[in-house]
Amino acid sequence: KEAKAKRERALQEYQSGALVFNQKTTVAEYAQKWQDQMDLSADDRSRLKRNCLDLIGGMDITRVRATHIRDCYATVKGKSNSTISKTCGTIKRMFEAMCADGLIGRNPCTGVSRPSGETKARRAMNEVEESIFLSLLDERVRDGKHWYDIALGVTYACGLRPGEVRALPRSNIYLDVKEPFI
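Residues numbered from 1 in each chain as written. Predicted model: local features only at pLDDT ≥ 70, side-chain atom pairs only at ≥ 80, totals over all residues. Heavy atoms only, no water.

Student: Which residues make up the environment of D54, and what are the values?
Tutor: Inspection of the secondary structure puts D54 in helix α3 (residues 42-56). Judged by its relative accessible area of 48%, D54 is partly exposed. Distance from D54 to A28, taken between C-alpha atoms, is 8.8 Å for residues 26 residues apart in sequence. (Helix = DSSP H or I, 4+ residues; strand = E, 2+ residues; numbered from the N terminus. Buried < 20%, exposed > 50% of the residue type's maximum accessible area, 1.4 Å probe, protein only.)

The structure is reproduced here in structure tokens:
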């Protein structure tokens, strides 16, 4: 009974493409199946190809080491923090799936540090930009527009992050004064 259940489970895994019989599976072969199963976006697929598969796609998954992952991570060095996070996170999740599938014993991404990202200096609005912005905001508020318009205005004017703006109570925003403030 147990053997029959095991055989049925293996057959289902084989038919879904999750079961790999050949231990010489390449990173690219596994990535193709994994991407389809995970339903990755086109951007994530492109990022994975450009920053991982083009470098180590032809390698046997059991031969990938931390040094290879460092090479993959190095391709995004100096990019935005968001790009670095998405790229390195996708690569790491793929190798975690290989571990979970029992194809590799240890995730080669473990212990590999992500590269540092580019931090761009932010420029404050000049007086002309601020004047135009506040007049447009004032006009939208008078017209009874949505809270989101005010939130967008607060974001630009005060340099808040979007999450901070969403958490900000309307009662803490003072627009009816000479210099609007929070």
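Student: Can you break down the side chain of R47 residue by residue, with the values?
Tutor: Mapped onto the secondary structure, R47 falls in helix α3. R47 has contacts with C52, T83, K86 and T87, leaving out every residue within four places of it along the chain. (Contact = heavy atoms within 4.5 Å.)

Student: Mind laying out a nonpolar patch on the surface, listing which residues take part and the relevant values?
Tutor: Taken together, the side chains of V128, I132 and L136 present a nonpolar region at the surface, about 290 Å² in accessible area. Tracing the chain through its elements places L136 in helix α6 (residues 127-142). (Patch = residues over 30% accessible without salt bridge, like charges linked within 9 Å, V, L, I, M, F, W, Y side chains within 5 Å. Areas by Shrake-Rupley, 256 points an atom, 1.4 Å probe, with all protein chains shown as cover. Salt bridge = Lys/Arg side-chain N within 4 Å of Asp/Glu carboxyl O.)

Student: So what about helix α2 (residues 27-38)? Which residues, and what values?
Tutor: For α2, which comprises twelve residues, the first-to-last C-alpha distance of 16 Å matches the rise-based estimate of 16 Å (1.5 Å per residue) to within 8%. Those residues of α2 lying buried are V27, Y30, A31, W34 and Q35. The buried residues of α2 all sit within an arc of 130° when viewed along its axis, so they share a single face. Looking at the packing, one finds that the buried side of α2 touches α3 and α5 (81-100). With its phi angle positive at about 55°, D39 sits one or two positions after the end of α2. (Expected span 1.5 Å × (residues − 1). Arc of directions from axis to C-beta.)

Student: Pulling in residues and values, what's your account of the packing of α2 against α3?
Tutor: With their axes 10 Å apart at the nearest point, α2 and α3 run at an angle of 165° to one another. The angle between the axes of α2 and α3 places the two elements in the roughly antiparallel class. The handedness of the crossing between α2 and α3 is right-handed. Counting all contacts with α2, which are made through V27, A28, A31, Q32, W34, Q35 and D36, the residues of α3 involved are R45, L48, C52, L53 and I56. Its residues assigned to classes, the contact of α2 with α3 shows eight nonpolar, two polar and two charged. (Axes fitted to C-alpha atoms, helices over the stretch in contact; angles between N-to-C directions. Parallel < 35°, antiparallel > 145°, perpendicular 65-115°, else oblique. Left-handed = near helix turned anticlockwise from the far one by under 90°. Nonpolar A, V, L, I, M, F, W, Y, C, P; charged D, E, K, R; others polar.)

Student: How would you summarise the pattern of salt bridges if you had to cite specific residues and measurements?
Tutor: A complete count under the given rule lists three salt bridges for this structure. Its salt-bridge partner being D36, residue R45 comes within 3.3 Å of it at the nearest N-O pair. Looking at D36, the relative accessible area reads 45%, which means it is partly exposed. Residues K49 and D54 are paired through a salt bridge, measuring 2.8 Å at the closest nitrogen-oxygen approach. Among the residues examined, K49 registers a relative accessible area of 46% and is labelled partly exposed.

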